[in-house]
Amino acid sequence: MVALTPISRTPVSFYVPVVAAAGAFAGLLVGTAQGSSLLGIILGAALMAAVAYVLTQIIKEEKAGIWGLTALLAVAGFLMGGIAAALIGAAFGWFFGWFSFWLYEGRYRAKVAPYLTPRQVLWHFTFRVICGAILVFLITPILVVMPLSFNAEDFFTFTPEMLRFDPAGYSMKHYEDFFTNSDWQGALKNSIRIAPAATLLSVGFGTLAAIGLSQPHVPFRRAIMAILISPMIVPLIISAAGMYFFYSRIGLQGTYAGVVLAHAALGIPFVIITVTATLVGFDNSLTRAAANMGANPVTTFFRVQMPLILPGVISGGLFAFITSFDEVVVVLFVGSAGQKTLPWQMFTGLREQISPTILAVATILVIVSIALLTVVELLRRRSERLRGMSPS
Amino acid sequence: MKLTKTLMASTALTVAAGMATADGHMANEMTIVSWGGAYSNSQQKAYHDPYMEKTGVNIINDSSSSEAVAKLRAMNEAGNVTWDVVDVVAADAIRLCDEGLAMEIDPDEMLAAAPDGTSAEDDFGDLLVSDCFIPQIVYSTTFGYRTDMVGDTPPTSVCAVFDTEAYPGKRALEKNPINNMEWALLCDGVAKDEVYDVLETEEGQQQALDKLATIKDDVIWWSAGADTPQLLADGEIVMGSTYNGRLFSVIEEQNQPVAMLWDAQVFDLDGWIIPTGLSDERKARALDYIMFATDTQRLADQAKYISYGPARASSAPLVSTHADLGIDMAPHMPTDPENAKNTFLYNYEFWADYRDDIDAKFQAWLAQ
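About the cut-offs
- The residue count restarts for each chain, going from 1 along the sequence in the order it is written.
- The order in which chains are written sets their letters, starting at A; the order in which ligands are written sets their numbers, starting at 1.
- Two thresholds apply to this predicted model, a pLDDT of at least 70 for residue-level local features and 80 or more for giving and counting side-chain atom pairs, whereas whole-chain, interface and lining totals are computed over all residues.
- A helix here means a DSSP run of H or I that spans at least four residues, while a strand means a run of E at least two residues long, and both kinds are numbered starting from the N terminus.
- In this setup the radius of gyration rests on C-alpha atoms only. A globule is expected at 2.2 Å times the number of residues raised to 0.38.
- Exposure classes come from backbone-placed C-beta atoms, where a residue is buried if 20 or more other C-beta atoms lie within 10 Å of its own, exposed if 12 or fewer do, and partly exposed in between.
- Strands are labelled as partners when DSSP assigns at least two bridges between them.
- Call a crossover right-handed when, viewed with both strands pointing away from you, the route from the first strand across the helix to the second goes clockwise.
- With C-beta atoms placed from the backbone, a contact is any residue pair whose C-beta atoms sit within 7 Å.
- We call Asp, Glu, Lys and Arg charged. Ala, Val, Leu, Ile, Met, Phe, Trp, Tyr, Cys and Pro are nonpolar, and the rest, Gly among them, are polar.
- What pLDDT expresses is the predictor's confidence in each residue, scored from 0 to 100.
- As used throughout, domain bounds are those supplied by an automatic or database domain assignment.
- To obtain the arc, one takes the directions from the helix axis to the C-beta atoms.
- Here a nonpolar core is just a set of buried residues of the types Ala, Val, Leu, Ile, Met, Phe, Trp, Tyr and Cys, joined wherever their C-beta atoms sit within 7 Å.

1. Here we look at the overall build of chain A
And then number 1: The secondary structure content of chain A amounts to 15 helices and zero strands.
And then number 2: Here the C-alpha atoms of chain A give a radius of gyration of 29 Å, more than 25% beyond the 21 Å that 2.2 N^0.38 yields for 392 residues.
And then number 3: Projected onto its principal axes, the C-alpha positions of chain A cover 85 × 55 × 35 Å.
And then number 4: Residues classed as buried in chain A amount to 34% of the 392 residues present.

2. Some thoughts on the pairing of strand β1 (residues 29–33) of chain B
Residues and elements named next belong to chain B.
And then number 1: Most of β1 sits inside the fold, with four of its five residues counted as buried.
And then number 2: Sheet topology places β1 next to strand β2 (residues 58–62); five bridges connect them, and they run parallel. Residue pairing for β2: Val33 is matched across the bridge by Asp62.
And then number 3: In this fold, β1 hands off to helix α2 (residues 37–55), which returns the chain to β2; that crossover is right-handed.
And then number 4: Summarising the sheet, β1 and strand β3 (residues 85–89) pair through two bridges and their orientation is parallel.

3. Examining the environment of Thr141 of chain B
All names here are of chain B.
And then number 1: Along the chain, Thr141 falls in strand β4 (residues 134–146).
And then number 2: Along the sequence, Thr141 and Glu99 sit 42 residues apart, while their C-alpha atoms lie 27 Å from each other.
And then number 3: The contact partners of Thr141, leaving out residues within four places of it in the chain, are Asn179, Ser241, Tyr243, Gln265, Val266 and Asp268.

4. Notes on the interface of chain A and chain B
And then number 1: Taken residue by residue, the interface counts 32 residues in chain A and 31 residues in chain B.
And then number 2: When residues of the side of chain A that touches chain B are assigned to their parent elements, the largest contribution, five residues, is made by helix α7 (residues 182–213) of chain A.
And then number 3: Residue composition of the side of chain A that touches chain B, grouped by class: 15 nonpolar, 10 polar and seven charged.

5. Some words on unusual backbone geometry
And then number 1: One non-glycine residue, Lys60 of chain A, adopts positive backbone phi at about 70°.
And then number 2: A positive phi is found at Asn179 of chain B, a non-glycine position, where the angle reads about 75°.
And then number 3: Counting through the fold element by element, Asn179 of chain B comes out in the loop between β5 (170–174) and α7 (180–186).
And then number 4: Exposure remark for Asn179 of chain B: the 20 C-beta atoms within 10 Å place this residue in the buried category.

6. Here's the deal with the confidence of the model for chain B
All names here are of chain B.
And then number 1: Here chain B shows a mean pLDDT of 87. Residues at 70 or above account for 93%.
And then number 2: Counted against residues more than four places away or in other chains, residues 18–25, with its pLDDT under 50, gives 12 contacts.
And then number 3: At the level of chain-chain contacts, confidence expressed as ipTM amounts to 0.73, with global pTM at 0.77.

7. Concerning the domain arrangement of chain A
And then number 1: With domains assigned, chain A is organised as domain 1 (12–115) and domain 2 (181–389).
And then number 2: A separation of 49 Å is found between the C-alpha centroids of domain 1 of chain A and domain 2 of chain A.

8. Notes on helix α3 (residues 68–78) of chain B
Residue and element names in this part refer to chain B.
And then number 1: Those residues of α3 lying buried are Ala68, Lys71, Leu72 and Met75. Angularly, the buried residues of α3 cover 100° about the axis, an arc narrow enough to put them on a single face. Of the residues in α3, the exposed ones pointing more than 90 degrees away from the buried face are Ala70 and Glu77.
And then number 2: Backbone geometry just after α3 places Gly79 at a positive phi near 65°.

9. Brief notes about the nonpolar core
And then number 1: Counting residues in each nonpolar core, the largest one holds 54 residues, and the members touching the most others are Val85, Ala93, Leu96 and Ile273 of chain B.
And then number 2: Looking at this core element by element, the count peaks at six residues for helix α4 (residues 90–98) of chain B.
And then number 3: Those residues in contact with Leu96 of chain B that lie beyond four places of it in its chain are Val69, Leu72, Val88, Leu101, Ala102, Cys132 and Ile273 of chain B.
And then number 4: Counting residues in hydrophobic clusters, the runner-up holds 46 residues, among them Val203, Tyr256, Val313 and Phe321 of chain A.

And the structure:
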């Protein structure tokens, strides 16, 4: 990127307070962890204001200043709380060193349009910080789970050994437990058996329903659509209780078929919505052209319509699969212990015995989900390339 | 379209496979409901595994005991009882029996006699608190504390829970009036044998809540037995109540810096019931399992895996050492004389009469 705006150094009265504000925020995080938020804010602001002043007005060497501060805070962190704290200290040190010079040299202005007012520049960066914070808040809970799943102890706790990065604090035993424990393996098997069957049912029925409901001559289209989508809107616990009593009477409660049907009912709305959306862009003259050439409706569907709406079908299917795979409320009612799925096992595990095996399973599921989505994306790109519609 | 064909083929295959594996093996199966965790493991090793080996019946574990009463009611209403044997605490067994949801048991007819010929009725003795209930273990609800957070004077009395000056920090108590109300009154100067007389009155209930209010800001309320062990291991709390077996596991199996405070431990019973409404075949199987799993040796075996006392008098001398750790289990039993110097027996009649009333008051007080 080229600099858009000529830059110049900024006065002390501008950048020192800004660094102090950032320092106060960092101090809040550290202070809360140590037990006193207020002290953290004050100390953080004061220290970082001093750091910014000293670096830019006394040391003046950017590289030396940043790395010096990094080393200094790393040592301070190490003295306070071992290796993990040292890493955090180093990260803070590098950031505040860089931040001070970035503001002092006026580089923050370089890539922003020259005609922006200071307030617009402020919003420009605030907006980015908010976006970053949202991503951090979304992803941190998932990331925290991963190291904890290698805990050598049977609790959801970062032990002192783990924080010292001592190999003795880590172990694979929770993964071992998952792969050898018959409860978990049974639950995994049930999930793998139920989710695909439910997905295929939802995709089949959902696609047909969407195609039918997009025909203009069908009466009461909106009412039918509302009924089919209702499992998504009605609170899950209500559907679950209703299904329990209904399925009990017709002998489906506590059977695989019952759970598969219940999950299919939950997945159908997702398929209907995504397929209906893709059908909006579908040109009906294509089906007429196919009929004109002698294809019967079934051939037309599979050779003309299906390939064109396939992206909608696949993404609807993915949603249906995830709904079934993650579902815990309905299966608790409709299933019996023989149909215990992974979420059910995790749910009872969390309630009866807080074991990091749950975290190991969560980690595995996260990795599998990432792999699955990557594969789907790659397949999509490949098919687009084959059809000569490379993504721009 | 190749992709379409592949999708179609896999659809057909998966649906077919799903249907084929469904419901193929109901015939020789039974569902046993219990509490999950270390407790279910001990039952698996002491009862289920030997029983499956002996008879070839496949046992499915369901850890739904905490909502057993509600679920059994729903099953009964729906006319579809899917559980064969259910592990519940004595108070729940009494409720289920009163509502006709649990089958009445004739101990001498349906349970094994002791090896020396003592009848089952005499062997279980006073612990047969309900006609439907087959006692299994004696457990206690008691306190554990962090040894590294109490200084040089570890607590010796349950009243340490209410003493936030000597033992600062959070405490964990069950989100439930049972036991908490009794402990509060005991530490507010009420004599042990008068606790339930006081608790019968409005003023007494208020007195207990007032005592609890003195530490309300320092309490973390737990609802699952696993919560307190996790909080203790985290160092989030200085002391907390839970079942003694959970504390045993934290101390001896997980080697956490935690110790037991046995003072004013509350004894309670846990055992089996058989739901009503089973087919004759399933009922016979459930009774056969019960006969096997509650004999003298089996009850003593369970104590190898968890520190709960067997409910039969004849099992006590057979309690040996822990299966993995090799330590002597007797000193870890709630009934050991050293631990049972000051105990409290859960009063079933009182709580059967006052539970709903006090529960409502307690929950309202919690929400204040």
